[in-house]
Amino acid sequence: MTSPCRAAYDGAVPSPTSGGSRTAAPTAAGSSARSIGAPVSIRGVSKWFPTGRDFLHALDEVDIEIEPGEFVSLIGPSGCGKSTLLRVVGGLLPYELGTVTVDGNSPAQARDTKQIGFAPQTPSLLGWRTVRRNVTLLAEVNRRGAIHPPLGEREILELLESVGLGDFLDRLPKELSGGMQQRVSLVRCFALGAPVLLMDEPFSALDEITRNEMRYLLLDLWERTGHTVVFVTHSIPEAVILSDRVLVMATKPGRVVHAETITLPRPRSAQMEDDERYLAHMRNVRRSLGEVSAR
Ligand SMILES: Nc1ncnc2c1ncn2[C@@H]1O[C@H](COP(=O)(O)OP(=O)(O)OP(=O)(O)O)[C@@H](O)[C@H]1O
Ligand SMILES: [Mg+2]
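Residues numbered from 1 in each chain as written. Chains lettered and ligands numbered in written order. Predicted model: local features only at pLDDT ≥ 70, side-chain atom pairs only at ≥ 80, totals over all residues.

*Asks:* Quick rundown of the nonpolar core? Include the residues and the values.
*Replies:* Most often, soluble globular proteins keep nonpolar side chains buried together rather than apart. Grouped together as the largest cluster of nonpolar side chains are 67 residues, with contacts concentrated most on V89, V187 and V230. Take this core: its biggest share by element is 6 residues, from helix α5 (residues 178-191). (Core = buried A, V, L, I, M, F, W, Y, C linked by C-beta atoms within 7 Å. Buried ≥ 20, exposed ≤ 12 C-beta atoms within 10 Å, placed from the backbone. Helix = DSSP H or I, 4+ residues; strand = E, 2+ residues; numbered from the N terminus.)

*Asks:* So what about the sheet that holds strand β1 (residues 40-51)? Which residues, and what values?
*Replies:* Read across the sheet, 3 strands follow the order β2-β1-β4 without closing on themselves; strand pairing throughout is antiparallel. Edge positions in the sheet fall to β2 (54-66) and β4 (97-102), since each has one partner strand and no second. Taken over all neighbouring pairs, the strand axes of this sheet differ in orientation by 30° on average, direction set aside. Pairing between β1 and β4: 5 bridges, direction antiparallel. Each bridged residue has a counterpart across the sheet, and for R43 the counterpart in β4 is T99. (Pairing = 2+ DSSP bridges. Axes fitted to C-alpha atoms, helices over the stretch in contact; angles between N-to-C directions.)

*Asks:* Let's hear about the packing of α5 against helix α6 (residues 208-225): which residues, and what values?
*Replies:* Where α5 contacts α6, the axes come no closer than 11 Å and their chain directions differ by 20°. Here α6 runs roughly parallel to α5, going by the angle between their axes. Crossing hand, α5 versus α6: right-handed. Residues G179, Q182, R183, L186 and F190 of α5 form the contact with α6, whose own contacting residues are T210, M214, L217, L218, L221 and T225. Residues that form the contact of α5 with α6 fall into these classes: 6 nonpolar, 4 polar and 1 charged. (Parallel < 35°, antiparallel > 145°, perpendicular 65-115°, else oblique. Left-handed = near helix turned anticlockwise from the far one by under 90°. Contact = placed C-beta atoms within 7 Å. Nonpolar A, V, L, I, M, F, W, Y, C, P; charged D, E, K, R; others polar.)

*Asks:* Can you explain the site of ligand 1? Please cite residues and give values.
*Replies:* Close to ligand 1 lie F49, L56, A58, S78, G79, C80, G81, K82, S83, T84 and G254. Mapped by element, the contributors of at least two residues to the shell around ligand 1 are β2 and α1 (82-89). With 3 residues, the single largest contributor to the shell around ligand 1 is α1. Its residues assigned to classes, the shell around ligand 1 comprises 4 nonpolar, 6 polar and 1 charged. (Near = placed C-beta within 6 Å.)

Without other data, these values stay purely geometric and don't point to any function.
Given below as structure tokens:
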């Protein structure tokens with residue numbers, strides 16, 4: 001097994017191509033109220049985990065350039081490094097080789113200046129706060145060092161209403177279904193004002209019908225705000241309908257083996273699931289995943 005030839009914590013340097021934030025999202029719908037996405041640059045990133053006397057080669061020379069406001073999905077077999085890559089970009093894990101920048105900053109700087117938002121697998125709402133307070137409170141507190149302002153209360157209430165929670169603003173999380181809780185969690189993620197959102201299988205705990213609804217709610221939120229989103233999923237239909245680009249990863253070591261640029265127009269709709277282009281993208285991603293699994 002390969003061992004790391006150099007170990008550095010968060011040794012990122014500013015990318016020459018990275019620009020300012022609040023650049024208009026090239027791919028989000030033109031109706032965006034705010035377009036705040038920032039570029040993410042991942043160049044030659046390799047990562048190893050120490051495993052006793054050996055090392056596990058988790059990521060191998062991963063190169064991904066993400067445009068401001070782009071929606072990119074990562075898909076691949078279990079253990080191929082999807083969560084590891086998100087955590088590296090989010091400044092939560094060190095990496096040994098390569099560079100990562102978020103709007104020209106190292107992941108640690110981006111994390112400290114609240115440029116990155118995480119949407120977790122489970123909603124993790126505060127049980128004693130109402131829906132409204134769960135979203136607004138976190139937007140108000142813990143913003144020290146933040147370089148982007150959170151959404152105002154009126155904008156937050158509009159988002160909550162747009163995802164069908166207008167009648168539940170003063171309810172507690174325990175009074176909501178799992179899908180409703182996940183909607184609160186998503187709005188909270190968007191409301192923080194971070195230009196880059198990292199989402200690690202946020203819908204995996206939901207039933208198929210709710211999950212399908214959540215895809216379009218997420219698209220609606222994203223199309224209004226123009227955040228840069230890196231989205232991890234195991235679902236090919238989910239990846240294709242949501243994304244501008246679907247990156248297929250292989251395992252041992254974790255790496256990107258195929259990039260599928262999704263040519264469906266924006267805004268996306270459920271009708272597009274019958275579109276020949278959608279079906280062709282599904283076939284391409286499925287074939288690529290099949291090749292990965294067969295290796
Ligand atoms: N903290 C850690 N220490 C040691 N090994 C780790 C650690 N975190 C992850 N790994 C290993 O790194 C590899 C990639 O893990 P990762 O969680 O990124 O995979 P994944 O693609 O997100 O998988 P899944 O689809 O199951 O969530 C796996 O082999 C995993 O066992
Ligand atoms: Mg994972």
